Each structure stands twice: as C-alpha cells, then as structure tokens.
Amino acid sequence: MKKIIDAHCDVLYKMFLDPGLDFYQSTSGLDVTYERMRNAGVKLQFFAIYLPENLKRPTFDHLLEYVDIFRQKVESKGKVAFIRNQHELDAAMSGDEIGAVLSLEGADALAGNPVYTRILYYLGVRFIGITWNYANWAADGILEPRKGGFTRKGRNLIKECNELGMLLDVSHLSVRGFWELAELSQAPFIASHSNVLAICPHPRNLDDQQIRAIIQTDGRIGITFVPRFVKQRGPVSISDVLKHIDHVCSLGGVRHVGFGSDFDGIEEWVTGLEHAGKYEMLAEELTRHYKAEEAEGFLWGNWHRFLKKNFPL
C-alpha cells in the first residue's frame, strides 16, 4: 500500500455548513472520510479552514468554531492524530494513525490582528492561504478585477508569519501578490492546490515563472483534482492530471510536486478520482509512468521532506 499526503480538502467547511455530517461514516456525503483514507493509504491530510462567502462578517470566533469541529469530530485517538510538529509527524508517518494538519484558506477573519495569527498558531494551524479568490484586508485574490497585491497590513502579515513559523500558501493569491510574497518572504512557500497554466489556462493555475519561483525557494506545488483546473473541456481523466506533473518536472520540480485534491470543495470530479478512496488508482498510474522513487515523491515524499524541514521540533 502506498503512502499519500494530500495538502488540501474542505471537509471542515462541509461539516460547518452541515453539523450532521459524520467523518467516520463513508456514506455521509463527504469525499474524504476516515475509512476512504485508510483504504487508499492516505497517511496525512491537510484540513482547510475556509469560511463561506455568504458569511457577511467572518470573525475570529468562526475560525475557533472550525478548530473545535476538527478537534471534536475528526481528531480521534488511535485513528486521526493532530500534527503540529516534527515529532508528531514522525509518529503518524511510522504508526497506525492518519495524520491531520490544519490550514487556513483566506485570512479575512484575522482582521489584520497579529494576536489572532499567533493564537491560530498556538492552536495548531500551520499554513495560511492569504486570500480566497477576491480581495481582503491583506491582499487581492486571483479573481479580483483590480489585480492588486498586498496591503501594508498584508506585508506585515508575511513578516509576522515568517517570524512565527507559520507557512504561507499562494493558491488563490493574485499574480502581483504572488511576486510580492516571493520577494518579501524569508521562508519557502507553497501552492497547496494549483495546477499548470501552460497545460490548462485557468487563472487559478500557475505560470512557468511562478512554478520556477516556488521550486527555487524549495517550496511545494499540490496538483489539484478540480476538473476545470486540469483540462479546459471534455471528460477529465487521471492521464490529464499526469500532464501537469510532467510539466512541473520539466521545469526542474520533480522533488517539489505533490497533491492537494480539493476534495469536498468540488462538485465535479476527475474520472477515477471521485473521492479519497480512489487515490490508489492514481498511485497505480504513477507507478506505471514514473520511476518508483519519483512516484513515491509525488504521493508523499516531497511533502514529507518539506514538513520535516519547516515544522517546529
């Protein structure tokens, strides 16, 4: 059985909207469940805290509610272990439990308050995606029409996160914001769930210069399974996903590419990748098309090295 690390899912978002959903019941309406992860060999899953757009005033209390949902309904002794440091990472990767990392998708509810950022870190959140698709107090998102970059407070957020050890995620960030972060950040950064613009020209995908910049900082790119980010039209298959991996590798990123499925944040699926339990089909395709060590790197090794290097002791 292959090990797998997935850098993005929206399980917590669905459970926030519908408290009746059960992570431990595979027929509950979730793409990612404990049983599916276990069956497919998913060893570590990032769980995003994403506040829905229809919240008129996203607050820090909403973020705390997500952390509580995770601790009450996902974390479970002997099954799912909360990963906040290298020691916990090692224990999960070598033991029977599945590891879980908390990330924040969109800094809106931090409201420019560094105390909130620190509290989230103390609570175990280890990644912050600065924006969703549109503008917030920190920066513009990729679909914001004015195409701006970081605000003054947003630039302070980069500095604060670097000092704290909070890692930054550029998926959804504007192009100008990407390059400002690349210039200002003293730490490597990731794109947790983004694909290749040269293969599929969707604004959420990364151009070759951006991919090279992430590689240069020893960051990571999580290839995502959102069909419209994989292929412009027609049915989308696992072979289409592999084209994005090939392109990142052609730019020197064989040790910098992994996966960030976006399961539970999508309503259409790649054929053969309809939920977390299908990861084994992807693993089989990878072993047919790549060297064993390369396939292992894509599935888990590249993310694992990044976390070992950048998580606290």
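This is a predicted model, so every value here is computed, not measured. (Residues numbered from 1 in each chain as written. Predicted model: local features only at pLDDT ≥ 70, side-chain atom pairs only at ≥ 80, totals over all residues. Heavy atoms only, no water.)

Looking now at the overall build of the protein. Each helix and strand in the protein was counted, giving 12 helices and 9 strands. In terms of C-alpha radius of gyration, the protein reaches 18 Å, essentially the compact-globule figure of 20 Å for 313 residues. Projecting the C-alpha coordinates of the protein onto the three principal axes gives extents of approximately 50 × 40 × 40 Å. The 313 residues of the protein split such that 58% are buried. Long-range pairs, those at least 24 residues apart, make up 69% of the contacts in the protein between residues at least 6 apart in sequence. Summed over its atoms, the accessible surface of the protein is roughly 13,100 Å², and 49% of this surface lies on carbon and sulfur atoms. Across the protein, 36 positive and 40 negative side-chain charges occur, with their mean positions spaced 3 Å apart. (Helix = DSSP H or I, 4+ residues; strand = E, 2+ residues; numbered from the N terminus. Rg over C-alpha atoms; globule rule 2.2 N^0.38 Å. Buried < 20%, exposed > 50% of the residue type's maximum accessible area, 1.4 Å probe, protein only. Contact = heavy atoms within 4.5 Å. Areas by Shrake-Rupley, 256 points an atom, 1.4 Å probe, with all protein chains shown as cover. Lys, Arg positive; Asp, Glu negative; His and termini not counted. Charge placed at Lys NZ, Arg CZ, Asp CG, Glu CD.)

It is at 11 Å that the axes of helix H5 (residues 114–122) and helix H6 (residues 152–164) come closest, and there the two elements cross at 30 degrees. Relative to H6, H5 is oriented roughly parallel. For the element pair H5 and H6, the recorded crossing hand is right-handed. For the pair H5 and H6, the contacting residues are Pro114, Thr117, Arg118 and Tyr121 in the first and Leu157, Glu160, Cys161 and Leu164 in the second. Along the lines of polarity and charge, the residues of the contact of H5 with H6 split into 5 nonpolar, 1 polar and 2 charged. (Axes fitted to C-alpha atoms, helices over the stretch in contact; angles between N-to-C directions. Parallel < 35°, antiparallel > 145°, perpendicular 65-115°, else oblique. Left-handed = near helix turned anticlockwise from the far one by under 90°. Nonpolar A, V, L, I, M, F, W, Y, C, P; charged D, E, K, R; others polar.)

Moving on to empty space enclosed by the protein. Under the counting rule described, the total for this entry stands at 1 cavity of 30 Å³ or more. If you add up the space inside the largest cavity, you get close to 70 Å³. Taken together, 14 residues line the largest cavity, and the ones lying closest to its centre are His8, Ser103, Leu104, Asp169 and Ser192. Within the residue set of the lining of the largest cavity, elements represented by two or more residues are strand S2 (42–49), strand S4 (98–105) and strand S5 (125–129). For the lining of the largest cavity, the residue count by class is 7 nonpolar, 5 polar and 2 charged. (1 Å grid on protein atoms, 1.4 Å probe; cavity = no way out; pocket = protein on both sides within 12 Å on 5 of 7 lines; lining within 4 Å. Points joined across faces, edges and corners; volume = space filled by probe spheres on them.)

Each aromatic ring pair is described using two quantities: the centre-to-centre distance and the angle formed by the ring planes. Applying the stated rule across the entire model yields 23 aromatic pairs. Each ring, one from phenylalanine 23 and one from phenylalanine 47, has its centre 6.0 Å from the other, and the planes form 70 degrees; the classification is edge-to-face. In this pair, phenylalanine 23 is assigned in the loop between helix H1 (11–17) and helix H2 (34–40) and phenylalanine 47 in strand S2, connecting sequence segments 24 residues apart. In this structure phenylalanine 23 comes out as buried when scored by relative accessible area, which is 1%. In this structure phenylalanine 47 comes out as buried when scored by relative accessible area, which is 0%. Between phenylalanine 46 and tryptophan 303 the ring centres are 5.7 Å apart and the planes differ by 50 degrees, which places this aromatic pair in the tilted class. Of this pair, phenylalanine 46 sits in strand S2 while tryptophan 303 sits in helix H12 (residues 292–310), and the two are 257 residues apart along the sequence. (Phe/Tyr/Trp six-rings, centres within 6.5 Å; stacked < 30°, edge-to-face > 60°.)

We now examine the packing of H6 against helix H7 (residues 175–184). At a minimum axis distance of 10 Å, the contact between H6 and H7 shows a crossing angle of 45 degrees. Between H6 and H7, the crossing angle belongs to the class labelled oblique. Every pair of crossing elements has a handedness; the one defined by H6 and H7 is right-handed. Counting all contacts with H6, which are made through Arg155, Ile158 and Asn162, the residues of H7 involved are Glu180, Leu181 and Leu184. In terms of residue class, the contact of H6 with H7 is built from 3 nonpolar, 1 polar and 2 charged.

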